Amino acid sequence: MDPLVVGIVAALIGLSFGAFGVLAFSASQRQRQLLEGPAAEPSFPEGAADVLSVLGQAFVVVDAVDGVVRASPAAYAYGLVRGHTVVHRELLQMTAKVRGNGVILEKQLELPRGPLGQGTIIVNVRAAVLGDEYILLLADDRTEITRTERIRNDFVANVSHELKTPVGAISLLAEALEASPDDEDAVRRFAARMHKEASRLAALVQDIIELSRLQGADVVHQGKAVDINEVVADAVDRSRLAAEAKDIEVRVGGRVDAQVFGDPDLLTNAFRNLIDNAVRYSPGNTTVGIGLRHRDGLVSVSVTDQGIGMAPEDQERVFERFYRADAARSRQTGGTGLGLSIVKHVVENHGGEVTVWSQPGKGSTFTVRLPDMEGGTEDQSAASRPPEQGAMA
């Protein structure tokens, strides 16, 4: 037989045996898979999902390639997760480290709240292994607690600094009095200075007490219907002596029929601070105008003075605690730097806002807007314009 033919036949027989062997191996593998069942997947511990749901913390569970397997609604709300992706690199660094050594890791992180703006969220994050191939991230929002701690620390530091000034001045004046007991003119002069510093100290302490009281006030549960006309009238009456001392006339224009929900004492104190501030920074023989208006569900009260006004950079910070646009003038007039901070705190607790319009040399207008109790739409703008308030925005 031709050798070529023999070779071809042998090759065909070998190929047939090879194909048979492959088919036999495949059949054996299929049979083995049927006997063993499906391939085992990474196990998610039984009951883990139920436990995570009642923790009260945001959580994210990621797999071996950091894909999000499970995440709580809070994790999405905090901006930690978007779709099936962990957003922040810092969190992925934590999962990688825990995956490498299996040790629980805990950090406090300040993370961007979203892709836009400068808002941040401060979270305490704990990362741990969960099951065979999962990593659990637990996040506790510490933003408000951290912010409150910062405000408290700043407040304590500012109070300490502000109290040292009048206390130190009184101490020095007392030494001067002691050194000149026979000089009647010096005694009278130093005594007058001591009286002024003591009054300033008393005003500062009173404002600090008032600010502390505000932080414990519960307007939502303890508030009631308030007639804003009566509140403004009471505030004007309390500021009358200071205005008369400088021959300043306080005029009220307009009246609103709508009521607001809140604490009448707190609101009276806020408007008294605004009026006192207007009187303090206005020259003598001028007018402070107060206008009331009700429109689009909002009750507005504007206080306009004819004082020195403020630069734009001062307007941005004027509601900060202890901030003074003109520190020297504040010392002369007895300002504590807390009045406008108290106003802002009260107004925000009542669901409103306070804004300022001002120009150097043209006076200032502070406007408080509060939601009415019925969402009315009455417009009393024509009747509510404060008399002689040409500087109003």
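Residues numbered from 1 in each chain as written. Predicted model: local features only at pLDDT ≥ 70, side-chain atom pairs only at ≥ 80, totals over all residues. Heavy atoms only, no water.

Participant: Residue-level account of the overall build of the protein, with values.
Facilitator: When its secondary structure is counted, the protein shows 13 helices and 14 strands. A total of 393 residues make up the protein; the buried ones form 38% of that total. Within the protein, contacts between residues separated by at least 24 positions form 65% of all contacts whose residues are at least 6 apart in sequence. Accessible surface computed for the protein: about 22600 Å², of which carbon and sulfur atoms make up 54%. (Helix = DSSP H or I, 4+ residues; strand = E, 2+ residues; numbered from the N terminus. Buried < 20%, exposed > 50% of the residue type's maximum accessible area, 1.4 Å probe, protein only. Contact = heavy atoms within 4.5 Å. Areas by Shrake-Rupley, 256 points an atom, 1.4 Å probe, with all protein chains shown as cover.)

Participant: Requested: an account of the environment of A96, with residues and values cited.
Facilitator: Here A96 is to be found in helix α4 (residues 89-101). Residue classification places A96 among the partly exposed positions, given a relative accessible area of 42%. The spacing of A96 and A127 is 31 residues in sequence and 9.9 Å in space, taken between C-alpha atoms.

Participant: I'd love a proper account of the pattern of salt bridges, names of residues and values included.
Facilitator: Within this structure, the stated rule accounts for ten salt bridges. In this structure, D276 and R272 form a salt bridge, with 2.9 Å as the shortest nitrogen-oxygen distance. Of this pair, D276 and R272 are both found in helix α10 (residues 264-280), four residues apart, which corresponds to roughly one turn of the helix. When its relative accessible area of 15% is taken as the criterion, D276 is described as buried. For R272, a relative accessible area of 22% gives the class partly exposed. One continuous salt-bridge network, built from bridges that share partners, spans E184, D185 and R188. (Salt bridge = Lys/Arg side-chain N within 4 Å of Asp/Glu carboxyl O.)

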